[in-house]
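Fold and contact review
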Amino acid sequence: MTATNGADGTGTTTWTVGRLADLTGVTVRTLHHYDRIGLLSPAKRTGAGYRLYTEADLDRLWRIVLYRRLEMPLDEIAALLDGDGDPVDHLRRRREAVVSRLGELTELVAAIDRAMETQMQQRPATADEMREIFGDGFRDEYQAEAEERWGQTDAWKQSARRTRDYTKADWEQIKAETDAIHAAFAAAMRAGEPADSTAAMDAAERARKHIDERFYECSHEFHTCLGEMYVSDPRFTASYEEIEPGLARYVRDAIVANADRHR
């Protein structure tokens, strides 16, 4: 059935059950149930016996919807609508009950937010978060290539175990530590300090310890191998050259000098 205006021939506005459901969001099944229990029985019918709801019925339905949102049981709503008690007094008590729950609900929302924040801080960082932190330094193809080259080594396995549960906050701290080490190398180079100077070698030792503590055991000998990769792999070289021209070779030389210092 579709909506009709004045379907009873009186010229008054009426709604069929389907149209009333569309208008109010109350399902047809619910409207039929309200009719069966006498909570909302349409005032009129068509000649074929179809329900026709009037404006008075619509007004009663809106009040039913309101009371249901207040979690009132249907029999209590029927008693209230049919004159059993003062509606204003009843609604005032309901309002007081709802207001009393506002503080509780506000605290509950705050507790949920705290729990969500804790979970997000404790969960491992996602690939998108890693790209956000490291930019072009983190690419899926780089990770795949690294695993293919070193995936069977003890260093790779140890690094995978350590970093598996690192959170976004952990990686942000690692990035800050790495940037500080790079800045120390660049500062020494700009100051004219040779690669075997104390400042340059101390930066190299910081870099080695950073790897050793954060990723995998990194001996001075192993660190020198990494230093050679910084000048032999164009991608590593480029990352250092962006900081300071010539920095890749300077870092390599400082690593070698630092290794000699600790022999």
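Residues numbered from 1 in each chain as written. Predicted model: local features only at pLDDT ≥ 70, side-chain atom pairs only at ≥ 80, totals over all residues. Heavy atoms only, no water.

As annotated in an unreviewed UniProt entry, the chain carries the name MerR family transcriptional regulator and comes from Gordonia cholesterolivorans.

If pLDDT is low for a region, its predicted coordinates should not be looked at in detail. When the pLDDT values of the chain are averaged, the result is 82; 79% of them are 70 or greater. At the low end of the mean pLDDT range in the chain sits strand β1 (residues 4-5), at 48; at the high end sits helix α13 (residues 247-261), at 96. Taken as a whole, residues 1-7 scores under 50 in pLDDT and shows 17 contacts with residues more than four places along the chain or in a different chain. (pLDDT = per-residue confidence, 0-100. Helix = DSSP H or I, 4+ residues; strand = E, 2+ residues; numbered from the N terminus. Contact = heavy atoms within 4.5 Å.)

Considering all chains together, one arrives at zero disulfides under this definition. You can see Cys 218 has no disulfide; the closest cysteine sulfur is in Cys 225, sitting 9.2 Å from it. Taking relative accessible area as the criterion, Cys 218 reaches 1% and is therefore assigned buried. (Disulfide = S-S within 2.5 Å. Buried < 20%, exposed > 50% of the residue type's maximum accessible area, 1.4 Å probe, protein only.)

Our focus in this paragraph is the pattern of salt bridges. Scanning all chains against the criterion turns up 13 salt bridges. Residues Glu 244 and Arg 190 are paired through a salt bridge, measuring 2.7 Å at the closest nitrogen-oxygen approach. In this pair, Glu 244 is assigned in the loop between α12 (234-241) and α13 and Arg 190 in helix α9 (residues 168-190), connecting sequence segments 54 residues apart. A salt bridge links Arg 263 to Asp 260; the nearest nitrogen and oxygen atoms lie 2.1 Å apart. By relative accessible area, Arg 263 is classed as exposed at 61%. Here the salt bridges do not stand alone but share partners, grouping Asp 35, Arg 45 and Arg 51 into one network. (Salt bridge = Lys/Arg side-chain N within 4 Å of Asp/Glu carboxyl O.)

A word on the packing of α9 against helix α10 (residues 198-214). Angle between the axes and distance between the axes: these two values describe a pair of packed helices. Packing of α9 against α10 brings their axes to within 8 Å, and their N-to-C directions diverge by 165 degrees. On the basis of the axis angle, α9 is roughly antiparallel to α10. For the element pair α9 and α10, the recorded crossing hand is left-handed. On the side of α9, the interface is formed by Gln 173, Ile 174, Glu 177, Thr 178, Ala 180, Ile 181, Ala 184, Phe 185 and Ala 188, while α10 contributes Ala 199, Ala 200, Ala 203, Ala 204, Arg 206, Ala 207, His 210 and Arg 214. (Axes fitted to C-alpha atoms, helices over the stretch in contact; angles between N-to-C directions. Parallel < 35°, antiparallel > 145°, perpendicular 65-115°, else oblique. Left-handed = near helix turned anticlockwise from the far one by under 90°.)

Interhelical geometry of α10 versus α13 gives an angle of 85 degrees and a closest axis separation of 8 Å. As far as their axial angle goes, α13 and α10 are roughly perpendicular. Contacts between α10 and α13 involve Ala 200, Met 201, Asp 202, Ala 204 and Glu 205 from the first element and Tyr 250, Ala 254, Ile 255, Ala 257, Asn 258 and Arg 261 from the second. Along the lines of polarity and charge, the residues of the contact of α10 with α13 split into seven nonpolar, one polar and three charged. (Nonpolar A, V, L, I, M, F, W, Y, C, P; charged D, E, K, R; others polar.)

In a regular helix each residue adds 1.5 Å, so 15 residues correspond to 21 Å; helix α3 (residues 55-69) covers 21 Å between its end C-alpha atoms and thus fits that length. Where α3 is concerned, the buried positions are Asp 57, Leu 58, Arg 60, Leu 61, Ile 64 and Tyr 67. Just past α3, the residue Glu 71 takes up positive phi, approximately 65 degrees. (Expected span 1.5 Å × (residues − 1).)

The terminal C-alpha atoms of α13, which comprises 15 residues, lie 21 Å apart, in line with the 21 Å expected from a rise of 1.5 Å per residue. Those residues of α13 lying buried are Leu 247, Ala 248, Tyr 250, Val 251, Arg 252, Ala 254, Ile 255, Ala 257, Asn 258 and Ala 259. Of the surrounding elements, those touching the buried residues of α13 are α9, α10, α11 (220-232) and α12.

Space inside the second largest pocket adds up to approximately 150 Å³. Forming the walls of the second largest pocket are Arg 69, Leu 70, Glu 71, Arg 94, Ala 97, Val 98, Arg 101, Leu 102 and Leu 105. When residues in the lining of the second largest pocket are grouped by element, the largest group, six residues, is from helix α5 (residues 87-122). The residue inventory of the lining of the second largest pocket, partitioned by class, reads five nonpolar, no polar and four charged. (1 Å grid on protein atoms, 1.4 Å probe; cavity = no way out; pocket = protein on both sides within 12 Å on 5 of 7 lines; lining within 4 Å. Points joined across faces, edges and corners; volume = space filled by probe spheres on them.)

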